[in-house]
Amino acid sequence: MDKYTVAVVDFLRNHPGVSDLRFDRRDPATASALHAWDTAHAPHKLPEDLKAFLLLSDGFSLRWDVCFAGETHVLGNMALNGVASLGNELVLDASPADDA
């Protein structure tokens, strides 16, 4: 799990209003699965930082509730799809011009 995900989970765990934190971390993606995605979607490639994350955890799901005025309410839902769920509609342009 990368440092940003850890920071979010730690913040939510320690926040007094948050209840029922549900974190579903998945096994790492394989390098061959990432290569297969790049090959199938050429000339597009997954960004290196996304590949690095997927090699740690092939996606995740994080959901939480909050207590407000004595009632529990569903508040948050964060998710990152695994490599198998990244379809043709995902076209990322990480050209150097975008980073300027």
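Residues numbered from 1 in each chain as written. Predicted model: local features only at pLDDT ≥ 70, side-chain atom pairs only at ≥ 80, totals over all residues. Heavy atoms only, no water.

Peer 1: Lay out unusual backbone geometry in plain terms, naming residues and giving numbers.
Peer 2: P43 follows A42 through a cis peptide bond whose omega is 10°. The phi angle at D20 is positive, at roughly 50°, despite the residue not being glycine. Structurally, D20 is set in strand β1 (residues 18-25). On the basis of relative accessibility, which here comes to 45%, the residue D20 falls in the partly exposed class. The phi angle at A69 is positive, at roughly 55°, despite the residue not being glycine. The residue A69 is located in the loop between β2 (60-68) and β3 (71-80) in this model. (Helix = DSSP H or I, 4+ residues; strand = E, 2+ residues; numbered from the N terminus. Buried < 20%, exposed > 50% of the residue type's maximum accessible area, 1.4 Å probe, protein only.)

Peer 1: Pulling in residues and values, what's your account of the packing of helix α2 (residues 31-40) against helix α3 (residues 48-56)?
Peer 2: Running from amino to carboxyl end, α2 crosses α3 at an angle of 145°, the nearest separation of the two axes being 10 Å. Where α2 crosses over α3, the handedness of that crossing is right-handed. Across the interface between the two elements, A31, L34 and D38 of α2 pack against K51, L54 and L55 of α3. (Axes fitted to C-alpha atoms, helices over the stretch in contact; angles between N-to-C directions. Left-handed = near helix turned anticlockwise from the far one by under 90°. Contact = heavy atoms within 4.5 Å.)

Peer 1: Describe α3, listing the residues and the values that go with them.
Peer 2: L50, K51, F53 and L54 are the residues of α3 that are buried. What you see down the axis of α3 is that its buried residues fit within an arc of 160°, all on one side. Residues of α3 that are exposed and point over 90 degrees away from its buried face: E48 and D49. (Arc of directions from axis to C-beta.)

Peer 1: Can you break down the pattern of salt bridges residue by residue, with the values?
Peer 2: Within the structure shown, the criterion is met by 6 salt bridges. Taking the shortest distance from any N to any O, the salt bridge between D10 and R13 comes out at 4.0 Å. With a gap of 3 residues between them, D10 and R13 both fall in helix α1 (residues 3-14), about one helical turn apart. Of the residues examined, D10 reaches a relative accessible area of 35% and is grouped as partly exposed. (Salt bridge = Lys/Arg side-chain N within 4 Å of Asp/Glu carboxyl O.)

Peer 1: Just give me the short version of the pairing of β2, but keep the residues and values in it.
Peer 2: Inspection of the sheet shows β1 paired to β2 by 6 bridges, in the antiparallel sense. Pairing of S19 across the sheet is with D65, part of β2. Examined bridge by bridge, β2 and β3 share 9 bridges and lie antiparallel to one another. Residue pairing in the sheet places F68 in a bridge with E71 of β3. Linking β2 to β3, which pair antiparallel, is a turn of 2 residues; within it A69 sits at a positive phi near 55°. (Pairing = 2+ DSSP bridges.)

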